[in-house]
Structure formats: C-alpha cells, structure tokens
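Fold and geometry: a report
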Amino acid sequence: MSQQGYVAAPPYSQAQPGMGGYQGGFGAGPAQPLYGHYGGPPQAFNAPPTGMMKSPVSSAAGMPPPPVSTHYNPNAQQNGAHPQRFAAPPTVPYSQSQHPLYNNMASPGLPPAQQLTNQMSAMNLGNYAPGPMQSPPPPTSSVTQQPFQTSPPPVMGQPQMPPGPQSPHMSPQMSSPLSPPPTMTMAGPPMGGMGSPFPGPPPPGPGGFQPSGLGPAGPPGFPQQAGQFGGHMAGPQPGMPGAFPGAPAALAGPPQKKLDPDSIPSITQVIEDDKVKHGDEIYSTNIRGQVPPLVTTDFRVQDQGNASPRFMRCTTYSLPCTADLAKQCHVPLASIIKPFANLPANESPLYVVNHGESGPIRCNRCKAYMCPYMQFTDGGRRYQCGFCNCVNEVPAFYFQHLDHMGRRVDFYERPELSLGSYEFVATLDYCKNNKPPNPPAYIFMIDVSYNNIKSGLVRLICDELKTLLEKLPREEGAETPAIKVGFVTYNKILHFYNVKSALAQPQMMVVSDTAEMFVPLLDGFLVNYQDSKAVIHNLLNQIPDMFADSNESETVFAPVIQAGLEAFKAAECSGKLFIFHSSMPTAEAPGKLKNRDDKKLVNTEKEKTLFQPQKGVYEQLSKECVAQGCCVDLFLFPSQYVDLTTMADVPSHTGGSVYKYSNFQMETDGEHFLRDLRKDVQKSIGFDGIMRVRTSTGFRATDFFGAIHMNNTTDVEMAAVDCDKAVTVEFKHDDTLSEETGALVQCALLYTTISGHRRLRIHNLSLNCSSQLSELYKSCETDSLINFFAKSAYRAILNQPLKSVREILVNQTAHMLACYRKNCASPSAASQLILPDAMKVFPVYMNSLMKTAPLVGSTELSTDDRAHQRLSVMGMGVEDTQLLLYPRLIPLHNVDLNSDTPPLPLRCSEERLADSGMFLLENGHFMFLWLGQACPPDLIQSIFNLPSLAHLQGNMCALPELDNPLSRKVGSIVNGLLEKRPNSMKLHIVRQKDKPEMLFRQFLVEDKGLHGGASYMDFLCYVHREIRQLLT
Ligand SMILES: [Zn+2]
C-alpha cells in the first residue's frame, strides 16, 4: 500500500521552505494592517451594507443565496456586538403564545421571572448580584409584572449602545439592557442550614463512591496549577478535600432543611428559554463572535460568511487575548467540528466551486484556502491572507475589479468570497498517486458461526440487505449509486463470493489460512448492485441455509478486517466494512483475544488497562485502514464479555461506529438492530479524508479528539467521516490575539465523495478576542464545553485513575466559576454562589458526566458497556453529548392531543415523576417508557390494549399501534425521536418499583447516582465550597 504521492501532495503536507511547516506560518507575516486597507472601518468579513446590496445575480447554480439585509448592520461586525441588539424585535410575544407552554412544567403556571423570585425567596436568597458598572437591578415587582419586557424596542438603528454585559444566552426573565449580568445565587442560610454536606469522604456503601481516603478538609486554597486535560493530565491534586462528592450522609439526616429543587438552575428551563428566544428564527452568520442558539433549539441558518453552527461550535466565541488570561480562567478553548453535518431541507446544500485545472486558490505561505477573510488590495491584483497576513498575487484567471468598498464586484457570485462553508473540486494534485479515485465500496461481512445462525440473525441480515441495497447513498443528481458492494461470510475461516452479473449462481471461495489473508478473486467480488442484483439476491437467499447446520462457534476477527482492507487495496478504492459479529475471536489467528475482564481492577490504579486496547495486530490494522480509507463499522451481538475495547479499536480510529446488542433476541432486538443498520448504510459520508484546521496568528490547534487517526500533530486522518461524527479541536495561544482583528479558524477537509469525486470542504469561522474575561464568560457555550470535557476526560482515563480524572473535573469546574466570581461578578457575600449566565447549568452537565459509566468505578457495570460508551462519545457532536448527559424526560399521560408540539420535557429527577403518570425518557442510546403504579386503567387500555398494568408482559419492547388518539400520539412522539437520533433505541417499558426500573433510574441525572456520584444539588453545594476555598 503505497502512500507515495499522497502525503507529499501540496494541499496538506508541503511545508514552505524556511517556514518550518505549520507553525512557521504564525507570527512571521509582514506587519501590515489586516483589514481596513481602504481606510474604512475594519471589516471582519464582507456582508453587504444595507442599501448597498447587489441584486442577486441569477445565473449559475453555484450562486449563494442573496443575503437578508435586515440582519446586517455594519457596526455589528466591527465591535463584535451581539446580534440581539440589532436584530428585529422578537415577533412572537412571549406572554401570549408561550404562556401555555409553561403550564406543563413542573412549576405550573408561573412565568419564569416570578418563578425565579419565588425560588429565591424560598431559598432566602438576596437579589442576584449586581454586575460591574451597572445600575441596580429593577425592583422585583416590576420584573414580576412584566417578566418579558426585556428587549428595549429602540435599539434598532442605534448601534452605539453602551457595551453592557449582555449575554446572548440571557434568559428573558433575567435580562434587561441595564440589568446586572445574570447570576444564580445561593445564599448563606440554606448553605448554613445544610451544615457540611460534604464532610469529607462519603460513607462507603450503596450509592456512594469509594472512600477517597482523604481527610475532610485539605489545606485551604487550591494548588495554583489545576489539572488540564489535553495531551496528558496532571495527577491528582494532593490535599484536595474528598475531591469527588459522594453521597452525602448529611442530606439524608433528619435536621436538614430541604432545599427547593426548583431554586437551582434548570437545563429544561434554559432549553425552553432559548427556544422562545431563537426558535424558528433565521440565524445569519454575518457577525463575528456571535453565539449561536443552543443545539436543542430549532432554527434556520443563513450562511453569510461564517460556517453554520451545525458544522462548527465553540466553547467560547470570544477568545481571551493572552495565554495568561486563558490560563487564569481555565475555560478550554475548543471547537467541535462536524464537517458533514446534515442540513435541514430548508437550508441549501454546500455550493461546489470548480476552478478547473488551476484548483482552489490558496495562500502561498500558510496554504489557507480562498475565503471571506482574504482582503483584496491593489485594485484587485493582490490579496492579503487573513490567517498569516501574507500578501499574494491574484492569479490572472481569478482577477476581478474591486468596488468602491474594496470588495470584488463578483463577491456574491463566488461562494468562496461570501460564504462560511463551500466545497472546491480537487485537482489530481489532491488525489493519491495523482489518479482520480474510484468510487468507494461497501463490504458486508457476516459472522455465520453457530450463535448467529441459531438466533436467526444471519437470515435477518440477508433478508434486510435485499431491500437495503436498493437505498445505497448516491451523489445528489446521480441516477444510481456509484458505490460497489461485496460479500463475505466467516467463522474461523472466510468465504468470499463472486457475484459477477454474468454468473447464473454466485461462487464461493474459501480462505482458511487466516494468518496470511488475501482476497482470492478480484473480478466479481466488488460489483455494482443494480448490475448484479439477481446474483446477489440468489446469494442472500442461500447464505442462511448454507450454514444452517454449522456447529462452528469459534470466530476470527482481525483477518476479517484484513480481508476487507486487502479487497479495497486490490480495487484501489476506499469504503466501509459492515461487520456483523457475535463473539470474542478465540480461534487461532492473528488478533486472537482472551478474556482479560477483571472486576478487581475497578477502582484501582490498574483500572485504566480495562480501557486500553491490546497492542499489536489491531493497532497496525488501524493504521493500514486509515491509509487506505477503509472505515470499519462493527455490529456486535455478544452474549458475554468480548473485549470490546480491543475489538472496537479499528472502528474507533477509522470513523466507524460500534453497535452492541447484548444477548440478541430476534423478537426484542431485531427491529432495533435493523433501524440502526438502515440509518448507517444510508448516512451521508465522505471517505479517505484528511482534515487540517488552520488559524490566524496568535493561536493554533493543539489537540484533536474523535474517531480519527493522527500520524503527526496537524493532519487529522479520517478513513471516513459521516454526518454524525465530530472532531473536537483544542486551541492554545502562541501569541497575543488582537481585539480588533479577532481570530479566524478554517477547517479544510479533503475527501472522496460517495461517487468517487475528490473534494475539499471548507468551513470558516471568525471569533472575537477580548482582554476582558467577562466577554469570554458571556460568550461561552455550555453544551460545547461539556462535549470537550467529556472527550478529554474519556481520553484521560486511558492513562490515569478514574479518581484523579474526576478530581480534575471538579477542580476545573471550581476554577472556571471562581475566576468568574473573582473577575467578573461584583462583590457579594461569600455565601452566594454566582454563576455566569451562559454557564449556569454547566454544573448539572459536569455532575452527570462524572456519573457516566466510564467515569464511575462500579463493579456492577459491564466492562464492555463502559468501553462502548467511552468510544462512542469520542466521535460525538455537541447535540449528542448534550442529550447523553441530560436525557429528555417527557410526560405522556397528559399530552395535548390537539397540539403538534410534543410535551415539554421535565427535569431528570425522581421528584418529577408521578405515580399516576406515564413518562418517556431517552438519551439517544436508551429509551424508556416508565409507568407509575397508579396509572389509570383507561390510560393502560389506550396504550397497550390491556385492562391494567398487571397484565403487562415483562419483555415488551414496542407499543402496539391502536386506533385511538392517545396511542397514535404517543406512537408519533416515539417514532419522531427514533427518526431524529443518529442511533436507534430499544424501547424499554418499565413499571414503577419493578426491578428493571433501576436501569431507568440511573438516567435521572439530577438525583444521586445509582452506582455512585452526587445529586445535582449536592454537587452544586460541593462546588460552591470549592469555589469559596479558591477565593480565600
Ligand atoms: Zn496565509
């Protein structure tokens, strides 16, 4: 397998002489002003000024949509102000249309502001702390009476608003143009009343974490150097008081004054507030450093110079100017990039730019691609690179005159000048061996050992493929899919099939020497499905019967991957292996595994070995697969431990997915598996990818998390990347950033399309920079932050004990919040917990993260399940981690049958359940229908067609489709969620107080963890105590 001619191709690897490669591009540029070459105001990017808009030229399909002028304001770009100040006032009056929504909430009927007031009084809280430079907050009464009158009407057309500390995520009830920065406060009395909720290590026993062995209170103050994730994590901080909050006995004790759970920040409330604020709005990306709506909000994106948040999200949209500031606040600077994110039907797909043989235009020095951040000068003959400041000649074919604003007159005709995201057609320089790639292939590799035959799985797969292969993904506009298909069956030997269209019958070729894997046929193995349909159907009909009498229970695994890889090499193509596998590969062959599960390692220094794959064969295979563009998807059907950590090693480095169906049974798991398979086969996907993240001077990408492979420190290699996979990129400073010019990020992904075209997909994003930490905290995005923390912590447990990792997580949470308190909030009583508005629910997520299976040291959890979750999260985007860490809990018993909107989710806590209720809970991987003991019989009748709850069968996993409105409504809610999520979910139906309810309860993440870990309330108190220590 030759990589020659590929690695050395110009796009990614050609270091410029004297530039020292990537880093060399930084800070070395000529000291010319980046923007404002014509004396005009600095322009981050060139959205059209109002009244100057060109009428859209209606010609080629490569035209960007005309910009929406109402969302533009030149000042907005310059000062990085938040769009809300300039945008049109909300068209939906909150008080009218949204009011009924709140009636479903746990705190019925109260508008948010009043709720807050009540909460605060219940907690003996003072007013929230006034912010710096602000007038006192409005009287409570006025807030209560006019809870939603917060957007000042006259701001339209008054761009020069005082730079008040507004936060784009301010919830309506907490914001007003002159109000203090919203903070949550927890005042003295309740805290005092709680005594010491964390009086040192929790008592051992059910529900608590293992005793930490540390004293109740370490030396005051934190060590200055908190552990940072990244390349490696610092060890546990000595002297940290019982760093991970366990189950505090104090709360259960009789003298406790119970805190009102409604008084602490609620994720469901934050989600609803954001929906009210941004739902259904058009989000224009023309403003630098603009914080997008939450991932949970439905909004429509209009690309006006920055990549859609569907493609790129950031932990903060205002970077601190200096490394010192970044260090001080401990807020990780990262971007979560999902290059192939699905776009909704009402957003246009990416435009493809074709510069013919010349290929895309790139900066000579840093190799950044032509984008809206290139500033044309010299009458259009040159352009200055926004990333490295290098001044480049404009190639003759690309020359265009500038208008009096200094903008090219073809601005709107060229996506690469006016849009945040677009594609370039890649030239041969960007192809392996300077040859255009072949279309990718999908190989279906079915384990036909005894278990899979007996369970009926083999027949199920073969039957499904007959219809599924009709739906292979195809390039937009293409009549038929270009993807080729091939078939292999195996147990401890492999069977290849010749399904050439000319054959009357498929031919089988057996390879029993698994040590030296080769593909016994070239012609006829990878075929076009439509051409060979008859032979393929013939084969799929025969396979289940061919092995019906097989008693072979041993399997091989690495040779199976090797076989697929060799087939791709022989065909000179990339592609995906779909492997349907049942058991640990114990047959004598490369990659043979043995049972190394050892629960005694849990909560020891050696626990990390459970997450470390076996070295050797699989590691080597991963590298070879990535080099060939061979993605591996693994569908596992284990009945016991299979060393998933090792078996998933190749999938998790090749952009693949791992699906696990333990103790697979046709009746209960068949449909679940098929839904996953269908989604997976039809996903939009790119192959043989290599991604590079470039930044403007002053900072750079230093670390990458994802289902990826890194051969060096800058090139992210992706055998494949599909619409659900995201790479989380961490940034570090290497110089000072400028408030004026801001910071730029360009992600360039070179890949092969499903029809075999080589393309470059470009995503650009511009961020603000500030020397004020308050700007950073205002521009934080909690969902992105938690994605970063999840991935970095899940990587860290490969090398460090869980306990240290959890300690570092708490430590970092406390540092982030303490820094805000110290630098951004106004002085207030130490007993008050003050949280930045944009991060006010961060502690819920963090606490939930620490209670996830990989981070919880419990012998009750399966090692394979823990490994599975760990690896799944590494490739997740922000939507998926958000949902995983805060499941949706939806009440269904009082659903409004006439409404199209599903019921509002409730907080994930037992307190929100009702004995007479029915609730749906889902987190993207699990789905439960929980039925209270006192569920009314008519409800049971409507949903299950049974007279009472007692008649319900224990193993039921699907709802009958009954002819009544409630059944239809519930069915549509369930199906809607299954449709929306990347993975299918098996529906678990659990009755209150039945044993399986335990499984359900571990997803009530605001409560004490089933396998250890604090409740949200306790965690908040614990963090508060840590913050107070840091501040003294
Ligand atoms: Zn450059």
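Please read these numbers as outputs of a predicted model, since none were measured by experiment.

1. A word on the coordination of the zinc ion
Looking at the metal site, the zinc ion is ligated by Cys 363 (SG), Cys 366 (SG), Cys 385 (SG) and Cys 388 (SG), spaced 2.3 Å from it. Every donor counted, the four donor atoms about the zinc ion form angles of 99 to 117 degrees at the centre, which fits tetrahedral coordination. Written as a sequence motif, the donor residues of the zinc ion are C-x2-C-x18-C-x2-C. With Cys 363 in the loop between β7 (352-353) and β8 (375-377) and Cys 388 in the loop between β9 (382-384) and β10 (391-393), the pair connects residues that are 25 residues apart, well separated along the chain. Neither Cys 363 nor Cys 388 differs from the other in exposure class; each is buried.

2. Notes on the sheet that holds strand β21 (residues 699-705)
The strand order β4-β6-β24-β21 describes an open sheet built from four strands, whose pairing is antiparallel. With partners counted over all chains shown, the strands left at the sheet margins are β4 (312-314) and β21, one partner each. Taken over all neighbouring pairs, the strand axes of this sheet differ in orientation by 25 degrees on average, direction set aside. Sheet topology places strand β6 (residues 334-337) next to strand β24 (residues 727-733); four bridges connect them, and they run antiparallel. Note that in β24 the partner of Ser 335 across the bridge is Val 729.

3. Digging into a nonpolar patch on the surface
Together, Met 508, Val 510 and Met 546 line one region of the surface with nonpolar side chains, adding up to about 240 Å² of accessible area. With respect to the element layout, Val 510 can be found in strand β15 (residues 507-511).

4. Observations regarding the packing of helix α15 (residues 558-571) against helix α16 (residues 617-628)
The relative placement of two packed helices is expressed as an angle between their axes plus a distance between the axes. Running from amino to carboxyl end, α15 crosses α16 at an angle of 20 degrees, the nearest separation of the two axes being 10 Å. When the axis of α15 is compared with that of α16, the two are roughly parallel. The way α15 lies across α16 gives a crossing that is left-handed. Where α15 abuts α16, its residues Ala 558, Ile 561, Gln 562, Leu 565, Phe 568 and Lys 569 lie against Val 617, Tyr 618, Leu 621, Glu 624, Cys 625 and Gln 628. For the contact of α15 with α16, the per-class residue count stands at eight nonpolar, two polar and two charged.

5. Focus: the environment of Leu 897
The residue Leu 897 is located in the loop between β28 (888-891) and β29 (918-922) in this model. Of the residues examined, Leu 897 reaches a relative accessible area of 42% and is grouped as partly exposed. Put simply, Leu 897 and Lys 969 are 72 residues apart on the chain and 6.7 Å apart in space, counted from C-alpha to C-alpha. Leaving out residues up to four positions away in the same chain, Leu 897 has contacts with Pro 965, Leu 966 and Lys 969.

6. Here we look at the sheet that holds β10
As a general point, the strands of a sheet are linked pairwise by backbone hydrogen bonds and lie either parallel or antiparallel. Read across the open sheet, the three strands follow the order β8-β9-β10; overall the sheet is antiparallel. The strands lining the two open edges of the sheet, one partner per strand, are β8 and β10. Geometrically, the sheet is characterised by an average inter-axis angle of 30 degrees between neighbouring strands, direction not taken into account. The pairing of β9 with β10 spans three bridges and is classified as antiparallel. Along β10, the bridge assignment pairs Tyr 383 with Asn 392.

7. Quick look at the side chain of Thr 852
In this structure, Thr 852 sits in the loop between α23 (842-850) and α24 (863-874). Residue classification places Thr 852 among the buried positions, given a relative accessible area of 9%. Thr 852 has contacts with Tyr 794, Gln 869 and Leu 885, leaving out every residue within four places of it along the chain.

8. What to know about the pattern of salt bridges
Taken as a whole, this structure holds 50 salt bridges when the rule is applied. In this structure, Arg 382 engages Glu 393 in a salt bridge whose closest nitrogen and oxygen atoms are separated by 3.1 Å. One end of the pair, Arg 382, is in strand β9; the other, Glu 393, is in strand β10, and 11 residues separate them in sequence. Residue class for Arg 382 comes out partly exposed when judged on its relative accessible area of 33%. Between Asp 643 and Arg 596 there is a salt bridge whose closest N-O contact spans 2.9 Å. Of this pair, Asp 643 sits in the loop between β18 (630-636) and α17 (644-647) while Arg 596 sits in the loop between β17 (575-581) and α16, and the two are 47 residues apart along the sequence. Classification of Arg 596 by relative accessible area gives buried; the value is 19%. Through salt bridges with shared partners, one network takes in Asp 378, Arg 381, Arg 382 and Glu 393.

9. A look at the packing of aromatic side chains
All told, the structure shown has 35 aromatic pairs when counted by the stated rule. For the pair Phe 411 and Tyr 412, a centre-to-centre distance of 4.8 Å together with 80 degrees between the ring planes defines the contact as edge-to-face. Across the pair, exposure class does not vary: Phe 411 and Tyr 412 are buried alike. Judged by centre distance (6.4 Å) and plane angle (75 degrees), the rings of Tyr 845 and Tyr 886 are edge-to-face. Taken together, the positions of Tyr 845 in helix α23 and Tyr 886 in the loop between α25 (878-885) and β28 put the pair 41 residues apart, joining distant regions of the chain. Considered together, Tyr 845 and Tyr 886 belong to a single accessibility category, that of buried residues. Taken together, the aromatic side chains of Phe 580, Phe 635, Phe 637, Tyr 659, Tyr 661, Phe 664 and Phe 673 make up a single cluster linked through ring pairs.

10. Brief notes about the nonpolar core
Core analysis: the largest hydrophobic core is formed by 109 residues, its most contacted members being Met 691, Val 693, Tyr 777, Phe 789, Met 846, Leu 849 and Leu 855. With 10 residues, the top contributor of residues to this core is helix α22 (residues 802-823). Counting the residues that make up this core, at least three belong to each of domain 3 (780-886 + 1009-1031) and domain 4 (887-1004).

Calculation criteria
Sequence order as written defines the numbering, with residues in each chain counted from 1. Only residues with pLDDT of 70 or above have their local features reported here, since the model is predicted, and side-chain atom pairs are shown and tallied only from 80 upward, although totals for entire chains, interfaces and linings are computed over all residues. The side-chain quantities take in all heavy atoms of the structure and omit both hydrogens and water. Because water is not among the atoms used, a metal site may look incomplete, as its donors are only the N, O and S atoms within 2.8 Å, or 3.2 Å for Na, K and Ca. Donor angles set the geometry label: tetrahedral for four donors if every angle is between 85 and 135 degrees, square planar for four and octahedral for six if opposite donors exceed 155 degrees and the others are between 65 and 115, irregular for anything else. Here a helix means four or more residues in a row that DSSP labels H or I, a strand means two or more in a row labelled E, and each is numbered from the N terminus. Each residue gets one of three labels from its accessible area relative to the maximum for its type: buried under 20%, exposed over 50%, partly exposed in between, using a 1.4 Å probe on protein chains only. For two strands to count as paired, DSSP must find a minimum of two bridges between them. Note on definitions: angles span 0 to 180 degrees between N-to-C directions of axes, and those axes are lines fitted to C-alpha atoms, for helices only across the stretch in contact. A residue counts toward a patch only above 30% relative accessible area and without a salt bridge, and it is joined to like-charged neighbours within 9 Å or, for Val, Leu, Ile, Met, Phe, Trp and Tyr, to nonpolar neighbours within 5 Å. Here the accessible surface of atoms and residues is derived via Shrake-Rupley with a 1.4 Å probe, and residues count as covered only by protein chains that are part of the display. Put simply, a salt bridge is a Lys or Arg side-chain nitrogen that is within 4 Å of an Asp or Glu carboxyl oxygen. Any angle that is under 35 degrees is reported as roughly parallel, and any over 145 degrees as roughly antiparallel; angles of 65 to 115 degrees are reported as roughly perpendicular and all others as oblique. By convention the crossing between two helices is left-handed if the near helix lies anticlockwise of the far one by an angle smaller than a right angle, and right-handed if it lies clockwise. The criterion used for residue contact is that any of the two residues' heavy atoms lie within 4.5 Å. Amino acids outside the nonpolar list (Ala, Val, Leu, Ile, Met, Phe, Trp, Tyr, Cys, Pro) and the charged list (Asp, Glu, Lys, Arg) are all regarded as polar, and Gly is one of them. Centres within 6.5 Å are what make two rings of Phe, Tyr or Trp a pair, Trp counting through its six-membered ring; a difference in plane orientation under 30 degrees is then read as stacked, over 60 as edge-to-face, and the rest as tilted. Here, nonpolar core refers to any group of buried Ala, Val, Leu, Ile, Met, Phe, Trp, Tyr and Cys residues whose side-chain atoms link them within 4.5 Å. Segmentation into domains, and thus their bounds, comes from an automatic or database assignment.

Remember, this is a structural readout, not a statement about activity or role.
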